[in-house]
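Architecture and fold: a report
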Protein chains: 2
Amino acid sequence: MQVFFVTMTFETGNSAGFLANHMARLFAAGLARRIQPLGLAPAQFMVLLVLWDGDGLTQRDLVERLDVEQATMANTLARMERDGLITRQPSPTDKRARIVRLTDKARALEGDAKAAAQAQNNAALSGLSAAEADQLVDLMRRVVGTMQRRA
Amino acid sequence: MQVFFVTMTFETGNSAGFLANHMARLFAAGLARRIQPLGLAPAQFMVLLVLWDGDGLTQRDLVERLDVEQATMANTLARMERDGLITRQPSPTDKRARIVRLTDKARALEGDAKAAAQAQNNAALSGLSAAEADQLVDLMRRVVGTMQRRA
DNA sequence: CTATTTCACATAGCATGCTATGTTAATTGA
DNA sequence: TCAATTAACATAGCATGCTATGTGAAATAG
């Protein structure tokens, strides 16, 4: 049995990981530009997306929903509190935990911020057909699932 | 003509940008884990990918090839010099520029590092057929191209 | 019931990305 | 030519991600 050693040169243009990084940076830059007038940064927007859907969560809840490390969330929440987007009250049932609540300021941003994010997604996907965009989302979801399961 | 205002609630699970960020973080974490034994970090690996293909570039060349900001590259190159992966010699033709060259240490890492990156890509895409993986790469390339053209 | 362990959160330190700005060298225009 | 502009790089400051570690509260094991 003959074995062919293909010169599988690792190319940046063919690497899914390289492209994922590049695409994510471009998405983040576009979103940052669009939500900056609202006084928001991308990671803050992600937290708000969860909180707009339902207030009163702990840091731990947010860590689970957004799949970032606890320390990352702690720093993001500290910046959001500093910027007047959230408040944190001690939990009555667990003295270790703090309940995160939206401020009126943060509630007022929901419409504009979601519209900005939608505009960024639309611009990014404008070169794809609707079917292709759906397929890209489906493929990304499956790749995320694979990497979450096995480190 | 009837216009339907669909309640297009912005959902994290349907957002290409959200998924791109999540996928890129998982790719980076997996790559970081695999190349850490080689003493490399993801951004350093990206620079090495370019330099293994041809030495003697300036910071500006690397900025263009990897599409990061000049300041980002300056910091990454400083860390790579600190870690003994590159040297920087003043350009003989332009006293502002510095020529980046690989050290023997960096040259010796090429095979192992590329294998690690390939392994990460393979693991990430293991839930997709070959055709689906090709399509994902193609779609990401097109989305990157769209965002590069129009901010 | 107490000792151990686990849990929730904070903090330190680092890498990687960004914008804004400074410095010096090269280029251009009058 | 020489003043103004542009170009290459460095630096400061910040956001977002990470790991490692500390602190105090809750849960569990004996």
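Note that this is a predicted model, so its numbers are computed, not measured.

1. Quick notes on the protein's contact with DNA strand D
If you check the shell around DNA strand D, you find 26 residues, and the closest are Ala41(A), Gln59(B), Arg60(B), Gln70(B) and Arg98(B). In the interface set of DNA strand D, defined as its atoms within 4 Å of the protein, sugar plus phosphate atoms amount to 66%. One of the side-chain N or O atoms of Arg96(B) is found 3.0 Å from a base nitrogen in DNA strand D. At 5 residues, helix H4 (residues 70–82) of chain A tops the list of elements feeding residues into the surface near DNA strand D. Looking at side-chain class alone, the surface near DNA strand D contains 8 nonpolar, 7 polar and 11 charged residues.

2. Topic: the pattern of salt bridges
Residue and element names in this part refer to chain B. Per the stated rule, a full pass over the model turns up 18 salt bridges over all chains. Taking the shortest distance from any N to any O, the salt bridge between Glu110 and Lys114 comes out at 2.8 Å. On the criterion of helical spacing, the pair formed by Glu110 and Lys114 is a turn pair, its members being 4 residues apart in helix H6 (residues 110–124). Take Lys114: its relative accessible area is 16%, and that puts it in the buried class.

3. Considerations on the protein's contact with DNA strand C
Neighbouring DNA strand C are 25 residues, the closest being Gln59(A), Arg60(A), Gln70(A), Arg96(A) and Arg98(A). Each atom of DNA strand C within 4 Å of the protein was assigned to sugar, phosphate or base; sugar and phosphate come to 69%. Measuring from a phosphate oxygen of DNA strand C, one finds a side-chain N or O atom of Arg60(A) at 2.4 Å. Between Arg98(A) and DNA strand C, the recorded distance is 2.2 Å, taken from a side-chain N or O atom to a phosphate oxygen. Those elements that place two or more of their residues in the surface near DNA strand C are helix H1 (16–35), helix H3 (59–66) and H4 of chain A together with helix H2 (42–52) and helix H4 (70–82) of chain B.

4. Things to note about the nonpolar core
General note: in soluble globular proteins, nonpolar side chains tend to be found buried as a group. Counting residues in each nonpolar core, the largest one holds 36 residues, and the members touching the most others are Met23(A) and Met23(B). Looking at this core, the elements that each hand over two or more residues are H1 and helix H7 (130–149) of chain A together with helix H1 (16–35) and helix H7 (130–149) of chain B. For Met23(B), the residues in contact, after removing those within four places along its chain, are Ala20(A), Met23(A), Met140(A), Val143(A), Val144(A), Met147(A) and Met140(B).

5. Considering the relation of the copies chain B and chain A
Structural alignment of chain B on chain A gives an RMSD of 0.0 Å, achieved by rotating through 180 degrees and translating 0.0 Å along the axis. Taken together, the turn and the small shift mark the pair as related by a two-fold rotation axis.

6. Structural notes on the environment of Ser91(B)
Turning to its location among the elements, Ser91(B) is positioned in the loop between strand S2 (86–90) and strand S3 (98–102). Once you skip the residues sitting within four places of it in the chain, Ser91(B) turns out to touch Ala97(B), Arg98(B) and Ile99(B).

7. Focus: the pairing of S3(B)
Residues and elements named next belong to chain B. In this sheet, S3 lies alongside strand S1 (residues 57–58) in antiparallel orientation, the contact comprising 2 bridges. Of the residues in S3, the one forming a bridge with Thr58 is Ile99. Summarising the sheet, S2 and S3 pair through 5 bridges and their orientation is antiparallel. In the strand pairing of S3, Pro90 is matched with Arg98.

8. What to know about the interface of chain B and chain A
Facing 52 residues of chain B, the contacting portion of chain A comprises 52 residues. The closest approach of N and O atoms between Arg142(A) and Glu132(B), which form a salt bridge, is 2.9 Å. Where the side of chain B that touches chain A is concerned, the elements lending two or more residues are H1, H2, H6 and H7 of chain B.

9. Remarks on the UniProt feature "domain: HTH marR-type" (unreviewed entry) in chain A
When the UniProt feature table is mapped onto this chain, "domain: HTH marR-type" (unreviewed entry) is found at residues 16–145 of chain A. For residues 16–145 of chain A, the helix share is 68%, the strand share is 9%, and the end-to-end C-alpha distance is 15 Å.

10. Comments concerning the sheet that holds strand S3 (residues 98–102) of chain A
Residue and element names in this part refer to chain A. In spatial order, the strands read S1-S3-S2; together these 3 strands make up an open sheet with antiparallel pairing. Looking at which strands have only one partner, the edges of the open sheet turn out to be strand S1 (57–58) and strand S2 (86–90). Taken strand by strand, helix H2 (residues 42–52) contacts S1, S2 and S3, and its axis lies near 90 degrees from that of S3.

11. What to know about the side chain of Thr146(B)
Its location among the elements puts Thr146(B) in helix H7. Assessed through its relative accessible area of 10%, Thr146(B) is described here as buried. Excluding residues that lie within four positions of it along the chain, Thr146(B) makes contacts with Ala123(A), Ala124(A), Ser126(A) and Gly127(A).

12. Considering the packing of H2(A) against H3(A)
Residues and elements named next belong to chain A. As a packed pair, H2 and H3 sit with axes 11 Å apart at the nearest point and diverge in direction by 110 degrees. In this view, H2 runs roughly perpendicular relative to H3, as classed from their interaxial angle. Seen from H2, the contacting residues are Met46, Val47, Val50 and Leu51; seen from H3, they are Leu62, Arg65 and Leu66. Taken together, the residues of the contact of H2 with H3 break down into 6 nonpolar, no polar and 1 charged.

Analysis parameters
- Residue positions are counted from 1 within each chain, in the order its sequence is given.
- Going through the entries in the order they are written, you letter the chains from A and number the ligands from 1.
- This being a predicted model, a pLDDT of at least 70 is required before a residue's local features are given, and a value of 80 or more before pairs of side-chain atoms are given or counted; all residues contribute to the totals for chains, interfaces and linings.
- Note: side-chain values were computed over all heavy atoms of the structure, leaving out hydrogens and water.
- Here a residue is near a molecule or strand as soon as one of its heavy atoms is found within 4 Å of it.
- Two N or O atoms form a polar contact when they lie within 3.5 Å of each other; inside protein one atom must be a possible hydrogen donor and the other a possible acceptor, and for residues adjacent in sequence the pair counts only when both atoms belong to side chains.
- Helix numbering and strand numbering both begin at the N terminus, where a helix is a DSSP run of H or I of at least 4 residues and a strand a DSSP run of E of at least 2.
- Residues are grouped as follows: Ala, Val, Leu, Ile, Met, Phe, Trp, Tyr, Cys and Pro are nonpolar; Asp, Glu, Lys and Arg are charged; all remaining types, including Gly, are polar.
- Take a side-chain nitrogen of Lys or Arg and a carboxyl oxygen of Asp or Glu: if they are within 4 Å of each other, that pair is a salt bridge.
- Buried means the residue's accessible area, taken with a 1.4 Å probe over protein chains only, is under 20% of the maximum for its type, while exposed means over 50%, and partly exposed covers the values in between.
- Nine residue types can take part in a nonpolar core, namely buried Ala, Val, Leu, Ile, Met, Phe, Trp, Tyr and Cys, and a core is a set of them joined through side-chain atoms within 4.5 Å.
- Contacts are assigned to residue pairs that have any heavy atoms within 4.5 Å of one another.
- Only residues with pLDDT of at least 70 in both copies contribute their C-alpha atoms to the least-squares superposition of the copies.
- Any two strands with at least two DSSP-identified bridges between them are counted as paired.
- UniProt positions are given in the numbering used here, feature names are shortened, and annotations may be inferred rather than shown by experiment.
- To define axes, lines are fitted to C-alpha atoms, for helices over the stretch in contact only, and angles between the resulting N-to-C directions are given on a 0 to 180 degree scale.
- Just so you know how the angles are binned, under 35 degrees is roughly parallel, over 145 roughly antiparallel, 65 to 115 roughly perpendicular, and the rest oblique.

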